[in-house]
Amino acid sequence: MAKLDLGALDQALEAAHQPALAAALVQMTGDVHWLRPEWTPTYTPLSRGETGVPEAEQANFRAQARAAITDWVDRGSPAPTTPDAGTLRRMMSFVAGADIPENYADFLNDELAIGGQSSKDPQWTTPILKDAARRMHVLVIGAGMSGLLTGIRLNQAGVDFEIVEKNADVGGTWLENTYPGCRVDSSNHIYSYSFEPNHNWPQHFSTQPVLLDYFRGVADRYDLRKKIRFETSVEEMVWDETRAVWKVSLKTAKGTEQVEATAVITAVGQLNRPRLPDVRGRERFKGPAFHSAQWRHDIDLTGKRVAVIGTGASAFQFVPEIVGKVASLTVFQRTPPWGFPTSHYHEDVPAGMNWLLEHIPNYDKWYRFFLFWMVTDGLLAGVRADPDWKGDETAVSAPNAMFRAMVAEALRMQAADRPDLAEKVIPTYPVGGKRALLDNGVWIAALKQPNVELVTDPLTEITETGAVTADGTAREFDVIIYGTGFHASRFLYPMKIKGRGGADLHETWNGDARAYLGMTTPGFPNLFMIYGPNTNIVVNGSIIFFSECSVRYILGCLKLLAETGAQAMEPKPEVHDAFNIKVDEGNRLMAWGAPQVTSWYKNEKGRVSQNWPFALVDYWRATLAPDPQDFVLTKERQMAG
Ligand code: NAP
């Protein structure tokens, strides 16, 4: 920085997350005195950055930080120091407001990526042996968040690949979901690739157009579009055992086409096959009816009688947006969502914060680290079930009951003037049973509007002109909007996938998709899934973190193939089965696995097939590199004689 704008600095110091700035200052000044006990934060489970440090001490910190930053600029903005391991751990513990356990240090160091030593740094990808890479051709399915990431890493590793994408553009879920109010509910400073920070997120939780721009920008910066075939979907894939290739039938605008790939990586997401409710007469409704993910922007809702079915994450966002324009809004609720109080959910990132992200070396990393830690495992203890829990079914443990009391109180306060509503909006299932939404009050405010009715009687029939509930009440509507979610547990649906011996993947799974570490399945060689079975999260982390772990592991698998000269790999059945037993045991001990909870996390067999039940550090460690002992590595041509 050539010249310091003191006005901008003062604004920045007001907006700073002080513990993150203190850690950055340790590196800028080479002095650890910034990690003082009196500046050490104490967070509460639902705190959103408040440090608990008294205002006088915060002011003292600002004054000292101002002097130190001014001095640093006067000295010509020297490069920050790289702390030794012990200091780094102290800094992490300071920012986290908690002692970082020993087994988290390397994991957090990797996520933090200070000084480029992280394995997530672009230099991480040891190029796959060049000759072997030349012989590989990898097909990636999907150009959303995970597919783009895969393309970037394959490029860096020197592996030949192409991406097929069913839509006409990149972005996946952020391209498809255009409903009013659509935005991310993980903080953007962690809901972004670790190696592609954005110092200019306009809001803490960006809206869909902003996110789509981010992913489009990444696709352009990494020159990925030339590798993507748009409006192309995979219909069928068949494993050819004699040649060790996947023969893939593609559906394109011009018809069908066959391609071959040595490996296939699916990056198709979990939440993009809209699910409509099984309600009698659904097809009879004469007016416009559409799903939230297929929003009809051509339908003007102004002055219309609108029904919304479902009160999940999508409805929670679009109901407050449309309530002001419709004549009447009837919201059909089967189960109310939990909402965590988040007052800054719709707020802009203060200009001062963006200044720090841009100008103070490593502030971006330490701020991301703070956000990451707060959602890493901080909330897990509150949603873990106690097998000896003697309380009622509204909780799964004593900490979960306390957590419940806290969040329920926040909901109750919002509906204090409407006891009838309070009774309906406070869930009776445990906190953590389903993904909690971020609540800044607009949901309950919308439900309180005079033109809104929240119906909790079950919906029994849809008619030509409206809907009927179990109590026999018929209501008339002009438009029905389904906020009823997705066929999440139908992994890789509707692709037909035939593996070894012609076995069909969907028949093999029989409605109960399983994979080893969410990525590989016995009998289906060289098929790798991102965001596959049991890799979703409920209260901890961002899904981008999971994708980054998975892609690193999959690249490791390709490297293993290249180095061993094997042509095919698949997990050993016993490894796959043992892993799934562990996962099921884990999920049974989480709020979302509790028998009283029904959600899309459970598949038609009642098994939790979506969620990772352990800590993030466990997924990170398990996916650093594939263990060759876990796999059957074969040379198919030899096998086929
Ligand atoms: P969802 O969370 O699955 O919600 C579907 C809603 O429809 C639920 O309230 C469900 O009730 C209800 N429903 C289903 N069938 C019904 C019926 N026959 N009668 C009445 N209600 C019915 O779907 P979503 O809101 O689209 O969200 C899906 C997932 O997408 C989220 O969990 C989240 O992971 C992701 N998402 C994220 C964001 C974000 O980051 N901002 C935004 C939107 C979505 P039950 O609960 O009783 O089943």
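Remember, predicted model here, so these are calculated numbers, not experimental data.

Asks: I tried to follow the environment of Pro288 on my own but got confused; where do I start?
Replies: Take Pro288: it is sitting in the loop between strand 7 (263–266) and strand 8 (289–291). Remark: the alpha-carbon pair of Pro288 and Val306, spanning 18 residues in sequence, is separated by 10.0 Å. Among residues more than four places away in sequence, those in contact with Pro288 are Ile299, Asp478, Val479 and Ile480.

Asks: Would you take a moment to explain unusual backbone geometry for this structure?
Replies: Negative phi is the rule for most residues except glycine; trans is the rule for most peptide bonds. Put simply, Tyr493 and Pro494 share a cis peptide bond, and its omega is 0 degrees. Tracing the backbone through its elements, the reader meets Pro494 in the loop between strand 17 (479–482) and strand 18 (496–498). Despite not being glycine, Leu492 has its phi angle at roughly 65 degrees, a positive value. For Leu492, the location among the structural elements is in the loop between strand 17 and strand 18. Residue class for Leu492 comes out buried when judged on its relative accessible area of 6%.

Asks: Help me understand the packing of helix 2 (residues 18–29) against helix 4 (residues 85–96) in this model?
Replies: Think of two packed helices as two axes; the pair is described by the angle between the axes and how far apart they sit. In contact at an axis separation of 8 Å, helix 2 and helix 4 are set at 160 degrees when each is read in the N-to-C sense. Between helix 2 and helix 4, the interaxial angle falls into the category roughly antiparallel. At the point where helix 2 passes helix 4, the crossing takes the right-handed sense. In this structure, helix 2 uses Pro19, Ala20, Ala22, Ala23, Val26 and Gln27 to contact helix 4, whose residues at the interface are Met91, Phe94 and Val95. Its residues assigned to classes, the contact of helix 2 with helix 4 comprises eight nonpolar, one polar and no charged.

Asks: Sorry, what's going on with the domain arrangement of the chain here?
Replies: For interface size, the figure often reported is the accessible area lost on association. Domain assignment breaks the chain into domain 1 (6–122 + 352–377), domain 2 (136–273 + 488–640) and domain 3 (282–344 + 393–482). Relative to domain 2, the C-alpha centre of domain 1 lies at a distance of 34 Å. If you look at the interface, domain 1 gives 20 residues, while domain 2 gives 25 residues. Around 2,100 Å² of area is buried between domain 1 and domain 2 when both sides are counted, 55% of it from carbon and sulfur atoms. Where domain 1 meets domain 2, there are two salt bridges. Put simply, Asp110 and Arg552 hold a salt bridge, and the shortest N to O gap is 2.9 Å. The tally of links from domain 1 across to domain 2 stands at nine residue pairs in polar contact (both at pLDDT 80 or more). Broken down by element, the side of domain 1 that touches domain 2 gets its largest block of residues, seven residues, from helix 12 (residues 363–376). Per-class residue counts for the side of domain 1 that touches domain 2 are eight nonpolar, four polar and eight charged.

Asks: Which parts of the structure should I look at to understand the environment of Gly378?
Replies: Here Gly378 lies in the loop between helix 12 and helix 13 (398–414). According to the relative accessible area criterion, Gly378 is exposed, its value standing at 52%. Considering only alpha carbons, one finds Gly378 and Leu46, 332 residues apart in sequence, at a separation of 9.9 Å.

Asks: In this structure, what is going on with the side chain of His189? I would like to understand it.
Replies: Here His189 shows up in the loop between helix 8 (173–176) and helix 9 (208–221). Since its relative accessible area comes to 8%, His189 is described here as buried.

Asks: Is there a simple way to think about the packing of aromatic side chains in this case?
Replies: Working definition: an aromatic ring pair is given by the centre-to-centre distance plus the angle between the planes. Within this structure, the stated rule accounts for 38 aromatic pairs. Centroid distance Tyr104 to Phe107: 5.8 Å. Interplanar angle 70 degrees. Geometry classified as edge-to-face. One exposure class covers both Tyr104 and Phe107, and it is buried. The interplanar angle of 15 degrees and the centroid separation of 5.3 Å between the aromatic rings of Tyr193 and Phe195 together place this pair among those described as stacked. Both residues of the pair, Tyr193 and Phe195, belong to the buried class. The ring of Tyr493 is capped by Arg490, whose NZ or CZ atom sits 4.5 Å from the centre of that ring.

Asks: Whenever I open this one, the state of the cysteines confuses me. Can you help?
Replies: Throughout this description, disulfide means a covalent bond between two cysteine sulfur atoms. Counted under the stated rule, the structure contains zero disulfides. Lacking any disulfide linkage, Cys557 is separated from the closest cysteine sulfur, that of Cys549, by 14 Å. With relative accessibility at 0%, the residue Cys557 sits in the buried group.

Asks: Can you help me understand helix 2 in this one?
Replies: An α-helix turns once per 3.6 residues; consequently, residues spaced three or four apart project the same way. When the terminal C-alpha atoms of helix 2 are compared, their 16 Å separation across 12 residues agrees well with the 16 Å that a helix rising 1.5 Å per residue should span. Most of helix 2 sits inside the fold, with 11 of its 12 residues counted as buried. Within the span of helix 2, buried status applies to Gln18, Pro19, Ala20, Leu21, Ala22, Ala23, Ala24, Leu25, Val26, Gln27 and Met28. For helix 2, the secondary structure elements touched by its buried residues are helix 1 (6–15), helix 3 (55–74), helix 4, helix 11 (351–359) and helix 12. Remark: Gly30 follows helix 2 within two positions and exhibits a positive phi of approximately 70 degrees.

Asks: What am I meant to see in the sheet that holds strand 2 (residues 161–164) here?
Replies: Backbone hydrogen bonds are what pair the strands of a sheet, in a parallel or an antiparallel way. Strands sit in the order 3-2-1-7-19 across an open sheet of five strands; the sheet is parallel. Across the chains shown, the open sheet's two edge strands, defined by having one partner strand only, are strand 3 (228–229) and strand 19 (527–529). One ladder, built from four bridges, connects strand 1 (residues 138–141) with strand 2; its direction is parallel. Within strand 2, the position partnered with Ile141 by the bridge is Val164. Where helix 17 (residues 543–564) meets the sheet, its contacts fall on strand 1, strand 7 and strand 19, and the angle it forms with strand 19 comes to roughly 165 degrees.

Thresholds, definitions, all that
- Residues numbered from 1 in each chain as written.
- Predicted model: local features only at pLDDT ≥ 70, side-chain atom pairs only at ≥ 80, totals over all residues.
- Heavy atoms only, no water.
- Helix = DSSP H or I, 4+ residues; strand = E, 2+ residues; numbered from the N terminus.
- Contact = heavy atoms within 4.5 Å.
- Buried < 20%, exposed > 50% of the residue type's maximum accessible area, 1.4 Å probe, protein only.
- Axes fitted to C-alpha atoms, helices over the stretch in contact; angles between N-to-C directions.
- Parallel < 35°, antiparallel > 145°, perpendicular 65-115°, else oblique.
- Left-handed = near helix turned anticlockwise from the far one by under 90°.
- Nonpolar A, V, L, I, M, F, W, Y, C, P; charged D, E, K, R; others polar.
- Domains from an automatic or database assignment.
- Buried area = accessible area lost by both parts, 1.4 Å probe.
- Salt bridge = Lys/Arg side-chain N within 4 Å of Asp/Glu carboxyl O.
- Polar contact = N/O pair within 3.5 Å; in protein donor to acceptor, adjacent residues only side chain to side chain.
- Phe/Tyr/Trp six-rings, centres within 6.5 Å; stacked < 30°, edge-to-face > 60°.
- Lys NZ or Arg CZ within 6 Å of the ring centre and 35° of its normal.
- Disulfide = S-S within 2.5 Å.
- Expected span 1.5 Å × (residues − 1).
- Pairing = 2+ DSSP bridges.

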